[in-house]
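Results of the structural survey
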Amino acid sequence: MAKLFLKFESSVLKEITLSQSATSIGRLPDNNLQIDNLAVSGHHARITWDKDHYEIEDLGSLNGTYVNNERVGKAKLRHCDMVKIGKHEIEFKNEGPAPVAAIATKAGPSIPKLEATVMLDTRQAQEMHAGKPFFAPPAAMAAAAVPAKERVGMLSVIEGRTDQEKYILTSRMNMIGKSSMASIKLKGFFAPTSAALISKRDNKYFIAPEHKVKLKINGEAVLSQRELAPGDVIEIGKMKAAFSFQD
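Figured I'd write up the structure that's included with this text. (Residues numbered from 1 in each chain as written. Predicted model: local features only at pLDDT ≥ 70, side-chain atom pairs only at ≥ 80, totals over all residues. Heavy atoms only, no water.)

1. Brief notes about the environment of Ser21
- Locating Ser21 in the fold gives a position in the loop between strand S2 (11-17) and strand S3 (22-26).
- For Ser21, a relative accessible area of 14% corresponds to the buried category.
- Here the alpha-carbon distance between Ser21 and Trp49, two residues 28 residues apart in the chain, equals 5.4 Å. (Helix = DSSP H or I, 4+ residues; strand = E, 2+ residues; numbered from the N terminus. Buried < 20%, exposed > 50% of the residue type's maximum accessible area, 1.4 Å probe, protein only.)

This is how it looks when you write it as structure tokens:
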């Protein structure tokens, strides 16, 4: 099983097991491995399982990602490789096959998650403790059986130079910037390489600026991660784009 050991000046600060298909690394708290240091980008790098090995990908970070002291855009990870991000080092150790969860998520259908536990009201709890079965009304049973509809976000460009007019946000992470790895690609000589990152969690979308880039939503400056709502207008430099959900 593969593990990451976050180190600073030879001291191990954190240890995590790579138990999923993608592990994000960065300064913001929504990362799987958070590194709270200004030299680290909000979403700096990502480690993924690819067929028979793990690989690391730089997400357009300002200070770069290094594997064994060599700067990389994407690289295969081997046992005992040292990854340098900002002033921290991450030792990669892989002493066995990839966990089943990572393989299933990457290569095939995932195991469906259990629905969240529903708290019983007082009457339901009393009847169950008294040995009486509780029967939910048909309408309630039908509602419980229908899973929450998957919502897919969309950006519609209002102003500015981009490679498309509309972007469907189907990925868990969508980078905005001039980088070749950006999902929403900005054009122009002064466009930032990595301007912001839109992440999806629990059927919601969140945006966070990168590398002190000026990000505005509805004319208001945004300095940290913020949830997006339909109708929000995102401004980065000369680009303006409206966020919405697909019908």
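2. Re the side chain of Ser24
- In this structure, Ser24 sits in strand S3.
- By relative accessible area, which is 0% here, Ser24 ends up buried.
- Here Asn31 takes part through its side chain, which lies 3.3 Å from a polar atom of the side chain of Ser24.
- The contact partners of Ser24, leaving out residues within four places of it in the chain, are Asp30, Asn31, Asn32, Leu33, Ala45, Arg46 and Met173. (Polar contact = N/O pair within 3.5 Å; in protein donor to acceptor, adjacent residues only side chain to side chain. Contact = heavy atoms within 4.5 Å.)

3. Some remarks on the pairing of strand S16 (residues 196-201)
- Burial of S16 is extensive: five of the six residues sit out of reach of the surface.
- Pairing of strand S14 (residues 173-177) with S16 involves four bridges; the strand directions are antiparallel. Looking at S16, one finds that Met175 is bridged to Leu197.
- Relative to strand S17 (residues 204-209), S16 runs antiparallel, the two being bridged by six bridges. Across the sheet, the residue bridging to Lys200 is Tyr205, located in S17. (Pairing = 2+ DSSP bridges.)

4. Some words on the environment of Phe8
- By secondary structure assignment, the location of Phe8 is in strand S1 (residues 2-8).
- Between the alpha carbons of Phe8 and His88 there is a distance of 5.1 Å; along the sequence they are 80 residues apart.

5. Let's talk about the packing of aromatic side chains
- Per the stated rule, a full pass over the model turns up six aromatic pairs.
- Summarising the aromatic geometry, the rings of Phe243 and Phe245 are spaced 5.2 Å apart at their centres and angled 75° between planes, so their arrangement reads as edge-to-face.
- Accessibility expressed as a relative area gives 16% for Phe245, which makes it buried.
- In this structure, Arg151 is placed above the aromatic ring of Phe245, and the distance from its NZ or CZ to the ring centre is 3.9 Å.
- Lying over the aromatic face of Phe189, Lys178 brings its terminal NZ or CZ to 5.9 Å of the ring centre. (Phe/Tyr/Trp six-rings, centres within 6.5 Å; stacked < 30°, edge-to-face > 60°. Lys NZ or Arg CZ within 6 Å of the ring centre and 35° of its normal.)

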